[in-house]
Amino acid sequence: VQLQASGGGLVQPGGSLRLSCAASGRTIIINGSAWFRQAPGKEREFVAGIRWSGPATDYADSVKGRFTIARDNANNTVFLQMNNLKPEDTAVYYCAADGAPYRINPTIPSRYRYWGQGTLVTVSS
């Protein structure tokens, strides 16, 4: 499975961005996907996760009400809609996927086997 993340960029505080993560290869094995982010000098942290079958989603407390994760199964793509962005959202955002059942530790980076290359989001005036 290969993941290609896109959609990052520079945005002013209060603005919006939509990230995309396109999966290719043996996508039939994917049960869950997630977005993580890593700011300079900080550890990689969970942002949002989604199960590929059924309505299960999870969000970090810091993004609840502002970010929405969604999937397009027909096109093997996961999206992260980010609204009301704040300077503290600045980070490299990574998408991840795995074949294990989604509800097994969805917020832990090490449980995801497949990773995209990262896309930089900068929130600044």
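Model, not experiment: these values are computed from the prediction. (Residues numbered from 1 in each chain as written. Predicted model: local features only at pLDDT ≥ 70, side-chain atom pairs only at ≥ 80, totals over all residues. Heavy atoms only, no water.)

1. Describing the sheet that holds strand S7 (residues 67-72)
Taken together, the four strands give an open sheet; going across it, the order is S1-S3-S8-S7, and neighbouring strands pair in antiparallel fashion. In the strand order of this sheet, the two ends are held by strand S1 (2-6) and S7, each with one partner. The sheet shows a mean angle of 15° between the axes of neighbouring strands, direction not considered. Direction of pairing for S7 relative to strand S8 (residues 77-82): antiparallel, over a ladder of six bridges. Opposite Arg 71, over in S8, you have Val 78 as the bridge partner. (Pairing = 2+ DSSP bridges. Helix = DSSP H or I, 4+ residues; strand = E, 2+ residues; numbered from the N terminus. Axes fitted to C-alpha atoms, helices over the stretch in contact; angles between N-to-C directions.)

2. A look at the side chain of Ser 20
The residue Ser 20 is located in strand S3 (residues 17-24) in this model. On the basis of relative accessible area, Ser 20 is assigned to the buried category, the value being 17%. Ignoring sequence-local partners within four residues, the contact set of Ser 20 consists of Gln 4, Ala 5, Ser 6, Trp 35, Thr 77, Val 78 and Phe 79. (Buried < 20%, exposed > 50% of the residue type's maximum accessible area, 1.4 Å probe, protein only. Contact = heavy atoms within 4.5 Å.)

3. A few points about the environment of Gly 65
Within the secondary structure, Gly 65 sits in the loop between strand S6 (57-59) and S7. A C-alpha to C-alpha distance of 8.7 Å links Gly 65 and Asn 83, two positions 18 residues apart in sequence.

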